[in-house]
Amino acid sequence: MIQVSNLSFSYTKKPFIQDMNFEVHEGEIFGFLGPSGAGKSTLQKILLGMLPGYTGSAIACGTECNRHDQDFYQSIGVDFEYSTMYEKLTARENLEFFSSLYRQRVRSIDELLSLVGLENDGDKKVTAYSKGMKSRLNFIKALVHDPKLLFLDEPTSGLDPTNSRMMKDVILEEKKKGKTILLTTHNMQDATELCDRVAFIVGGKIFALDSPHNLIMSRGAAKITYSWLDNDIEKTGSCQLDRASEDVTLKGLINENRLLSIHSSEPTLNDIFIDITGKTLV
Ligand SMILES: Nc1ncnc2c1ncn2[C@@H]1O[C@H](COP(=O)(O)OP(=O)(O)O)[C@@H](O)[C@H]1O
Ligand SMILES: [Mg+2]
């Protein structure tokens, strides 16, 4: 669906996006994961054809991104990072307007509003919407014409846990229908939960690209932490889960039934991100 090779781009004289290479396959959710300022939105804008002055190649739906025509925009949906609604119109009026820009309107506005819990707010002006309501509205705007390729820029940013869950469920529903979804996030939970593959991005460069599972496993096995009492003083020990049989202390404690507590902890995508890029996700 998308092929990027040797892609570079700069806003100023300084290179920013540097020599990126990746592909997004049809039907997958592909994530750009990185901290603020990493270049995630820039990359999406290049793929949308909004920043045509790049070098290398970025092909989406078979066409070089700086040569897209109207057909491309009929087939993609975009949820920008910031609200793109007409504030003085109601949510319904906005959705009707944006639907009218497409050749065919395939989704019902009432259905879309209720997908994200806005069924009772459709006739309110957007100016009266909270930040979270605006981001849910912005998101369903991207779905009005049932596009096959979706670009979502930080879709759950600023949402409470309930609304974030609702949004993620809708995203997963779209994937089930066979849509290809490219999302940017700095939230490792979202990336782990939603993405088939993620690219770690920092300073305009890709540091790693794989499934969240493979990235987490690349760090090696989970760790075991255990504790026991020694002359009434609590002591703790730890070892790698896959080398537990080599831990003499642990073996002794198991044989003597002296374990006070034991638990395993898997690394998170955040731990891996820090390991690989040297940066945190915030
Ligand atoms: N139009 C622009 N002109 C110059 N610099 C820009 C422009 N847009 C973004 N930048 C810079 O590019 C960097 C990355 O921005 P962005 O792609 O939005 O990162 P992210 O989405 O990962 O937070 C930032 O340092 C930002 O200041
Ligand atoms: Mg951004």
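Heads up: the structure comes first, above all this text.
Keep in mind that this is a model prediction, so the values were computed, not measured.

### A closer look at helix 5 (residues 131-141)
Moving on, step 1. Counting buried positions along helix 5 gives eight out of eleven residues, so the element sits mostly inside the fold.
Moving on, step 2. Restricting attention to buried positions, one finds in helix 5 the residues Met133, Ser135, Arg136, Leu137, Asn138, Phe139, Ile140 and Lys141.
Moving on, step 3. In this structure, the buried side of helix 5 is in contact with strand 6 (76-79), helix 3 (91-100), helix 4 (109-115) and helix 6 (161-176).

### Some points on the sheet that holds strand 10 (residues 205-210)
Moving on, step 1. The six strands are arranged 6-7-8-3-9-10 in an open sheet whose pairing can be described as mixed. Of all strands in the sheet, those bounded by a partner on one side alone are strand 6 and strand 10. Here the strands of the sheet are splayed against their neighbours by 15° on average, with no regard to which way each runs.
Moving on, step 2. In the sheet, strand 6 pairs with strand 7 (residues 149-153) via four bridges, with the strands oriented parallel. When the bridges of strand 7 are listed, valine 78 appears paired with phenylalanine 151.
Moving on, step 3. On top of the sheet, helix 1 (residues 40-47) reaches strand 3 (29-33), strand 7, strand 8 (180-185) and strand 9 (197-202); it is set at about 150° to strand 8, its chief contact.

### Some words on the sheet that holds strand 11 (residues 223-230)
Moving on, step 1. Reading across from one edge, 12-11-13 is the order of the three strands in this open sheet, with antiparallel pairing throughout. On the outer flanks of this sheet lie strand 12 (233-240) and strand 13 (259-265), each paired with one strand and no other. Strand-to-strand twist of the sheet, defined as the mean angle between neighbouring strand axes without regard to direction, takes the value 20°.

### Digging into the pairing of strand 8
Moving on, step 1. Taken across its six residues, strand 8 has six buried, putting it largely inside the fold.
Moving on, step 2. The alternating pattern of strand 8 places Thr180, Leu182 and Thr184 on one face and Ile181, Leu183 and Thr185 on the opposite face, and all of these are buried.
Moving on, step 3. Examined bridge by bridge, strand 3 and strand 8 share five bridges and lie parallel to one another. Following the sheet pairing, phenylalanine 32 is matched in strand 8 by threonine 184.
Moving on, step 4. The sheet contact formed by strand 7 and strand 8 spans five bridges and is parallel. Paired with aspartate 153 across the two strands is threonine 184, which belongs to strand 8.
Moving on, step 5. This β-α-β element, strand 7 to helix 6 to strand 8, shows right-handed connectivity.

### Concerning the environment of phenylalanine 98
Moving on, step 1. Following the sequence through the fold, phenylalanine 98 ends up in helix 3.
Moving on, step 2. For the pair formed by phenylalanine 98 and alanine 142, sequence separation is 44 residues and the distance between their alpha carbons is 9.2 Å.
Moving on, step 3. Ignoring sequence-local partners within four residues, the contact set of phenylalanine 98 consists of Lys141 and Val144.

How each quantity is defined
- Residues numbered from 1 in each chain as written.
- Chains lettered and ligands numbered in written order.
- Predicted model: local features only at pLDDT ≥ 70, side-chain atom pairs only at ≥ 80, totals over all residues.
- Buried ≥ 20, exposed ≤ 12 C-beta atoms within 10 Å, placed from the backbone.
- Helix = DSSP H or I, 4+ residues; strand = E, 2+ residues; numbered from the N terminus.
- Contact = placed C-beta atoms within 7 Å.
- Pairing = 2+ DSSP bridges.
- Axes fitted to C-alpha atoms, helices over the stretch in contact; angles between N-to-C directions.
- Right-handed = clockwise from strand over helix to strand, strands pointing away.

Purely geometric stuff here, so don't read any function into it on its own.
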